[in-house]
Amino acid sequence: MRGFNKKLFSILSIIMLLLLAACGGGNTTTNSNSNSESSEGGVISAKFGVISYLTGAGAAYGEAITNGLKLAQKDINALGEVNIELVIEDSAGKADQALNAAQKIMSDDSITAIIGPTLSTEFFAVAPEVDLNGIPIMGTSTTVDGIPEIGDYVFRNAVPESLAIPSAIQKAVERTGAKKVAMIYGNDDALTKGGFEVMERTAKEMGLEITTIETYQEGQSDYNAQLTKIKNTNPDLILASALYNEGAVIMDQARKMGIDIPFVGGNGFNSPQAIAIAGDAANGLIVATPYFGESQDPKIVEFNEKYEKEYGKKPDQFAAQAYDALFIYADALKRAGSNDREAFRESLAATKDLEGILGKFSFDEVGDVIMDVTVLEIKDGKFIEFE
């Protein structure tokens, strides 16, 4: 339950604003702690802060997310039921910069809620402070265990690694008959460490022999020492928890060393950039995702066409999840009937079976997403459904 102090603060804030409005006579400014609507036909307006990884080695993630949000904003506002403004700040993939961006956004009392940051490491730094300030926040790409449990104002629509990774490993083992697996992961990032923990737990639960566990650090470029150890243990699969920029290099160097067994990756591999960097070396990568870009589902086809027209490239999972995230916010805003943070949070938590381009979304009791996943593999330079 939310704390008494937060409720009291919200009530007092509303009372003060009503008194000020009465004294000021006709001030129609809409902010996140008011219950007023815009004057244009009762359309509810809201301002959402966005913290995104826009510069740095993993900027493709943030670019896709921001593009997805902007496309959703355009489509939502065109419907005329709510009007959304986005305030976007760059985190550069760094926890301290993400926190600075969050503090800047939180200083604006007209912000109703926040989307982002991009990486789980950033999110763990930002979300506790946002939650403490009683501002709803949702991750669209944060998949590590424990994200929604940070607080009552914390949500995500990204499928957690604890759901996606076991599905991918199970499918890979069923096809290959694998008995032995080697593991490699980045040991200085929350996403890659969290993905590794799920991989290790899943492998043990399935009775697989773990031949070796290798680690690397962010920005590393030479993985020959780790891959040599992996090769010498003769595994049937490699379980790799990495972001696309490092994961792609790992696959490329593995193939050059003659390692031709399949890789099973975590959420960080779910980007066309993995193929762009690794080329043919990416073939054989197996991942689980809520988004299959080559699907003939009419919703996916329409989204792909709109995204390509707007940005000149195909969308990825992160763009699709961000697009749906803003529609989740818009739906909660409409049902709340107000841009008040407390009303919005209550409405958001009650989201159930909302139809998005990725399928039906619901939140469980802690704010985690409930939805299905699809297992994919890379073959002939593109993601296809795993058979």
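Everything discussed here concerns the structure shown above.
The structure contained in this document is the topic of the report that follows.

## Considering empty space enclosed by the protein
And step 1. Scanning the model with the defined rule gives one cavity of 30 Å³ or more in all.
And step 2. Of the pockets and cavities examined, the largest cavity occupies roughly 60 Å³.
And step 3. Looking at the largest cavity, the residues that line it are Tyr61, Thr118, Leu119, Ser120, Ser141, Leu191, Asn267, Gly268 and Phe318.
And step 4. Class assignment of the residues belonging to the lining of the largest cavity gives a composition of four nonpolar, five polar and no charged.

## Details of the pairing of strand 6 (residues 180-186)
And step 1. The element strand 6 is extensively covered by neighbouring structure, given that six of its seven residues are classed as buried.
And step 2. Strand direction decides the pairing type here: strand 6 and strand 7 (residues 209-216), joined by seven bridges, are parallel. Paired with Val181 across the strands is Ile210, a residue of strand 7.
And step 3. Alignment of strand 6 against strand 8 (residues 237-241), held across five bridges, turns out to be parallel. Among the inter-strand pairings, Ile184 is bridged to a residue of strand 8, identified as Ala240.

## A look at the packing of aromatic side chains
And step 1. Across all of its chains, the model carries 12 aromatic pairs by this definition.
And step 2. Ring plane angle 90° and centroid distance 5.4 Å describe the contact between Tyr216 and Tyr223, whose orientation is recorded as edge-to-face. With respect to class, Tyr216 is no different from Tyr223; both count as buried.
And step 3. Centroid distance Phe303 to Tyr307: 5.9 Å. Interplanar angle 50°. Geometry classified as tilted. Of this pair, Phe303 and Tyr307 both sit in helix 10 (residues 298-311), four residues apart, roughly one helical turn. For the pair Phe303 and Tyr307, one class covers both residues: buried.

## Thoughts on the side chain of Asn245
And step 1. Tracing the backbone shows Asn245 in helix 8 (residues 244-256).
And step 2. Those residues in contact with Asn245 that sit more than four places away from it in its chain are Ala57 and Ile277.

## With respect to the sheet that holds strand 11 (residues 354-356)
And step 1. Reading across the sheet, the three strands line up as 11-12-13 and stay open at both edges, with antiparallel pairing between neighbours. Both edges of this open sheet fall to strand 11 and strand 13 (369-370), since each of them pairs with a single strand only.
And step 2. Pairing analysis gives two bridges linking strand 12 (residues 359-363) to strand 13, with the strands arranged antiparallel. When the sheet's bridge partners are listed, Phe363 is paired in strand 13 with Val369.

## Description of the sheet that holds strand 6
And step 1. Ordered by their spatial adjacency, seven strands build an open sheet running 7-6-8-9-10-14-15, and the pairing between neighbours is mixed. Each having just a single partner strand, strand 7 and strand 15 (382-385) make up the two edges of the open sheet. Taken pair by pair, the neighbouring strands of this sheet meet at an average axis angle of 25°, ignoring direction.
And step 2. Contacts from helix 7 (residues 224-232) reach strand 6, strand 7 and strand 8 within the one sheet, and its direction differs from that of strand 7 by about 175°.

## Quick word on the nonpolar core
And step 1. Formed by 74 residues in total, the largest nonpolar core has its most connected members in Phe48, Phe303 and Leu326.
And step 2. It is helix 11 (residues 317-336) that provides the largest number of residues to this core, a total of 12 residues.
And step 3. Ranked by size, the runner-up nonpolar core spans 28 residues in total, among them Met257, Ile275, Ala281 and Ala282.

## Side note on the pattern of salt bridges
Opposite charge on two side chains lets them pair, provided their charged atoms get close.
And step 1. Evaluation of the coordinates by the stated rule reveals 17 salt bridges.
And step 2. Close ionic contact of Asp75 with Lys306 constitutes a salt bridge, the shortest N to O distance being 2.7 Å. Remark: Lys306 occurs in helix 10 and Asp75 occurs in helix 2 (residues 59-79); sequence separation between them is 231 residues.
And step 3. Judged by its relative accessible area of 27%, Lys306 is partly exposed.

## Overview of the environment of Gly146
And step 1. Mapped onto the fold, Gly146 is located in the loop between strand 4 (137-139) and strand 5 (154-156).
And step 2. For Gly146, a relative accessible area of 26% puts it in the partly exposed group.

## A closer look at the layout of surface pockets
And step 1. Size it by volume and the largest pocket reaches roughly 470 Å³.
And step 2. Along the walls of the largest pocket sit 23 residues, with Pro272, Gly293, Glu294, Pro315 and Phe383 positioned nearest its centre.
And step 3. Put simply, the parts of the chain that give the lining of the largest pocket at least two residues each are helix 9 (272-278), strand 10 (285-289), helix 10 and strand 15.
And step 4. Here the element with the most residues in the lining of the largest pocket is helix 10; it accounts for three residues.
And step 5. When the residues that make up the lining of the largest pocket are grouped by side-chain class, the tally is nine nonpolar, nine polar and five charged.

## Some words on the environment of Asp75
And step 1. Classification of Asp75 as buried rests on a relative accessible area of 17%.
And step 2. Not counting the four nearest positions on each side in its chain, Asp75 is found in contact with Lys306, Tyr323 and Phe327.

## Describing the pairing of strand 15
And step 1. Sheet analysis places strand 14 (residues 374-379) next to strand 15, joined by four bridges and oriented antiparallel. Across the sheet, Ile378 pairs through a bridge with Phe383, a residue of strand 15.
And step 2. Connecting strand 14 to the antiparallel partner strand 15 that follows it, the hairpin turn spans two residues, and Asp380 within it adopts a positive phi of roughly 55°.

Calculation rules
- Residues numbered from 1 in each chain as written.
- Predicted model: local features only at pLDDT ≥ 70, side-chain atom pairs only at ≥ 80, totals over all residues.
- Heavy atoms only, no water.
- 1 Å grid on protein atoms, 1.4 Å probe; cavity = no way out; pocket = protein on both sides within 12 Å on 5 of 7 lines; lining within 4 Å.
- Points joined across faces, edges and corners; volume = space filled by probe spheres on them.
- Nonpolar A, V, L, I, M, F, W, Y, C, P; charged D, E, K, R; others polar.
- Buried < 20%, exposed > 50% of the residue type's maximum accessible area, 1.4 Å probe, protein only.
- Helix = DSSP H or I, 4+ residues; strand = E, 2+ residues; numbered from the N terminus.
- Pairing = 2+ DSSP bridges.
- Phe/Tyr/Trp six-rings, centres within 6.5 Å; stacked < 30°, edge-to-face > 60°.
- Contact = heavy atoms within 4.5 Å.
- Axes fitted to C-alpha atoms, helices over the stretch in contact; angles between N-to-C directions.
- Core = buried A, V, L, I, M, F, W, Y, C linked by side-chain atoms within 4.5 Å.
- Salt bridge = Lys/Arg side-chain N within 4 Å of Asp/Glu carboxyl O.

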